[in-house]
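Okay, here's what each chain looks like letter by letter:
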Amino acid sequence: MSFVAHVGGSKAGRPDGDAEQALVAELAKWRRNAEQVERLVKFGSFEAGLDAGGLTWSDGTYAVFGVPAGSPITLEEALAFYDAATRDRIQQGIERAKASGEPYDLTVPFRTRAGENRWARMVGQVEIVAGSKRLFGVIRDVTSERIAEEHLRQQALQDMLTGLPNRRAFQARLEQVQSTGVERLGLCIVDVDRFKSVNDGYGHEVGDLLLKLIASRLAAAVRTTDLVARLGGDEFAIVLTGLQSKADLQRRVSSVITAVREPGLCADHMLTPSVSIGASCSRTLSPDHLLKQADIALYKAKLNGRDQYCLFEPRFRKEVEAHDRLADEVRTGLARNQFEVHYQPIVDLRTRIVRGWEALVRWRHPQRGLLLPERFAAALSDPKTSVAIDDFVLDTSLRQMRQWLDRAAPVTCLGVNVSEAQLKRPDLVERIMTGLDRHRLTPDRLKLEISEAALGEPAARSTAATMDSLAELGVVCVLDDFGMGHASLTRLKQFRVERIKLNRAFMANVGIDGYDQAIVRCMIGLGRDLGIRITAEGIETVDQLAVLRQFGCDVGQGFLFGRPMPSDDVPGFLERWEARAASLFDAVEQRTARPRLVR
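Below or above, wherever it landed, is the structure these notes cover. Owing to the predicted nature of the structure, the values given are computational and were not obtained by experimental measurement.

1. With respect to the packing of aromatic side chains
To describe a pair of aromatic rings, one takes the distance between the centres and the angle between the planes. Applying the stated criterion to the full structure yields 14 aromatic pairs. Note on tryptophan 57 and phenylalanine 65: the rings are 5.1 Å apart at their centroids and 10° apart in plane angle, and the pair reads as stacked. Pair check on accessibility: tryptophan 57 and phenylalanine 65 agree, each one buried. Where tryptophan 357 meets phenylalanine 573, the ring centres are 5.5 Å apart and the plane angle is 75°; that geometry is what we call edge-to-face. Of this pair, tryptophan 357 sits in strand 14 (residues 354-365) while phenylalanine 573 sits in helix 19 (residues 570-589); the two residues are 216 residues apart in sequence, bridging distant segments of the chain. The two residues tryptophan 357 and phenylalanine 573 agree in class, both being buried. Taken together, the aromatic side chains of Trp57, Tyr62, Phe65, Phe81, Tyr82 and Phe110 make up a single cluster linked through ring pairs. Above the ring of tryptophan 119, the side-chain terminus of arginine 146 is found at 3.7 Å from the ring centroid. Directly above the ring of phenylalanine 559 sits arginine 563, whose terminal nitrogen or CZ lies 3.9 Å from the centroid.

2. Section: the pattern of salt bridges
All told, the structure shown has 33 salt bridges when counted by the stated rule. Close ionic contact of arginine 355 with aspartate 348 constitutes a salt bridge, the shortest N to O distance being 2.9 Å. On the accessibility criterion, arginine 355 (37% relative accessible area) is partly exposed. On the accessibility criterion, aspartate 348 (3% relative accessible area) is buried.

3. Side note on the nonpolar core
Within the largest apolar cluster, 77 residues are counted, with the highest numbers of intra-cluster contacts made by Trp357, Ile432, Leu446, Leu502, Val520, Leu548 and Phe561. Ranked by the residues each element gives to this core, the list is headed by helix 19, at eight residues. Sequence-distant contacts of leucine 446, defined by excluding residues within four places in its chain, comprise Leu394, Leu398, Leu414, Val416, Ile432, Leu436, Val475 and Val476. Counting residues in hydrophobic clusters, the runner-up holds 30 residues, among them Cys188, Val228, Phe236 and Leu240.

4. Considerations on the sheet that holds strand 1 (residues 43-49)
Taking strand neighbours across the sheet as the criterion, the five strands line up as 2-1-5-4-3 in an open arrangement whose pairing is antiparallel. The open sheet terminates on both sides in strands that have one partner only, identified here as strand 2 (55-57) and strand 3 (104-111). Pairwise comparison of adjacent strand axes, ignoring direction, gives a mean angle of 25° for this sheet. Sheet topology note: the strand 1/strand 2 ladder contains three bridges and is antiparallel. Residue glutamate 47 lies in a different strand from strand 2, and its bridge partner there is threonine 56. Helix 4 (residues 84-100) rests against strand 3, strand 4 (117-129) and strand 5 (132-141) of the sheet, and its axis sits at about 160° to strand 3.

5. Notes on the packing of helix 11 (residues 314-335) against helix 12 (residues 383-406)
Their axes nearest at 11 Å, the elements helix 11 and helix 12 cross at an angle of 25°. Between helix 11 and helix 12, the interaxial angle falls into the category roughly parallel. The chirality of how helix 11 crosses helix 12 is left-handed. Where helix 11 approaches helix 12, its residues Val330, Arg331 and Leu334 are matched on the opposing element by Thr385, Ala388, Ile389 and Phe392. Looking at side-chain class alone, the contact of helix 11 with helix 12 contains five nonpolar, one polar and one charged residues.

What counts as what
Within each chain, residues carry numbers counting from 1 in the order of the written sequence. At least 70 in pLDDT is required for a residue's local features to be given in this predicted model, at least 80 for side-chain atom pairs to be given and counted, and no such filter applies to totals for whole chains, interfaces and linings, which use all residues. Only heavy atoms go into the side-chain values, all of them from the structure, while hydrogens and water stay out. The criterion for an aromatic pair is that two Phe, Tyr or Trp rings (for Trp, the six-membered ring) have centres within 6.5 Å, with stacked assigned to planes under 30 degrees apart, edge-to-face to planes over 60 apart and tilted to the rest. Buried residues are those whose accessible area, probed at 1.4 Å on protein chains only, stays under 20% of the maximum for their type, while exposed residues exceed 50% and partly exposed ones sit between those limits. Strands are runs of DSSP state E lasting at least 2 residues, helices are runs of H or I lasting at least 4, and numbering of each runs from the N terminus. As a reminder, the over-ring test applies to NZ of lysine and CZ of arginine, requiring each to be within 6 Å of the ring centre and within 35 degrees of the ring normal. The term salt bridge refers to a pairing of a side-chain nitrogen on Lys or Arg with a carboxyl oxygen on Asp or Glu at a separation within 4 Å. Only buried residues count toward a nonpolar core. Its members are Ala, Val, Leu, Ile, Met, Phe, Trp, Tyr and Cys residues joined through side-chain atoms within 4.5 Å. Residues are treated as being in contact if the distance between any of their heavy atoms lies within 4.5 Å. For two strands to pair, DSSP has to find at least two bridges joining them. Note on method: axes are straight lines fitted to C-alpha atoms, helices fitted across the in-contact stretch only, with angles between N-to-C directions ranging 0 to 180 degrees. Geometric relationships in this document are graded by angle, where less than 35 degrees denotes roughly parallel, more than 145 denotes roughly antiparallel, 65 to 115 denotes roughly perpendicular, and other angles denote oblique. The handedness criterion is simple: a crossing whose near helix is rotated anticlockwise from the far helix by less than a right angle is left-handed, and one whose near helix is rotated clockwise is right-handed. Residue polarity is assigned by list, with Asp, Glu, Lys and Arg as charged and Ala, Val, Leu, Ile, Met, Phe, Trp, Tyr, Cys and Pro as nonpolar; anything else, Gly included, falls into the polar class.

In structure tokens form, the structure reads like this:
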């Protein structure tokens, strides 16, 4: 660095004494200011003779390398702060500068005298001074900038919640591994089961903790050469390397499912997470093809009930396409008014009176005729489609109830099924009360039938609150399919129910199987002790009716009394019911002996 200053002086151009002192003072001031700037920005300058040797550092350069200012330093000692590869880069930069006359600009790592690893940026230029080549340059400590850049790079490639690689890093890794084409590669798409229910039931803080828990378990369940990434939301991906066979893929994916399934504490809640996994493997397919296959397999795993894995098979593509077509058809059928509601009577087993009706959806398909729910149940795995069907049945049933009452038909109440997806709606209570008001019906006219499956964790707390609100308003909640779940008795304690419907599976052999008889008798007794009315579904024979009456069952439903029928048939059925009831119940009472109970 140099500058020229002109100060008034003698005719010979040399400054006089006062001027010379002023110039020296000005130079000293400038040097101090320059050194202060160097210290503040960790900046220094250097000069080296490339022919005759010799090296000069400014105080700032000494500070960069952690060397006391003014200490003797040689070119060899200066280069020793860099590793061999970096020394080669610097030498190459100097050679290019000598040949081209242009500066070189390098950012390189170095180690201070105290052994601290840091980064520096140096700019140097070779000039010829008095016939000798000299290197002039500046150097600045850029460690903080490098750390910031690395942090930004990590942010660009890392999921901030779980610490796993993100979608961008996953794509890069997948393409890198796949490009080699030398090994069989496995790709898994992992979806957390019922994650939305965790957020709705416990809050997003618990949801985040669950994601972190699952992320750690996924990472621990694979090899160090594999990759686990979070793609976003509750979706993860795993790249499995070194696969020997399809059986090897199955074994490793199965171990992931098992590892995730262990109970874990999230805040104050003990949760048992589960995941669904779709997997695909290949040595030659492109990353895009692998992803599509894994997505299809994941879709299949969810259709099969979650908490499991599926390995892609070509036939899955057709099955998924058929499922999607069915879902589209159902939505189209709703829009074209192809769905209707049929009603099945529910009979008081003591008084013989028809106590109410269960509303059951039917699809009058233009080509396949009248379809029962089993024929289109697969489409209801989509929550939006399921809710749309539920809304249709509820609205239609309440409107029909009003029409029956206006015609003085003795219809007491209606039972309407509520799906898991419908039960999670935050506006369910408001929607139900609005429907009742619109059709001028009191809340006790409606019985909501809720299956045990819809009451499972993790949304149990919010579901219980919804049921409490409905009960306070007068709507009766019925626990449907009781006895088939893994925690039926727990449900009675946890949820506010006033009715229980015994699963029809118990009815099939109740007249001939001692175990089924004992189970039904116990459940009826339990309901009596708890003050809960019991409804038995699936009554088809007089023998079944006789056993249930002897056990003291309250209410029954089944083909013996009447099959589901269109709304227009209900008034006529009620007109004929008294005679029908007499023939059924008199047949039971006129038996010479009670039905034989199996021991």
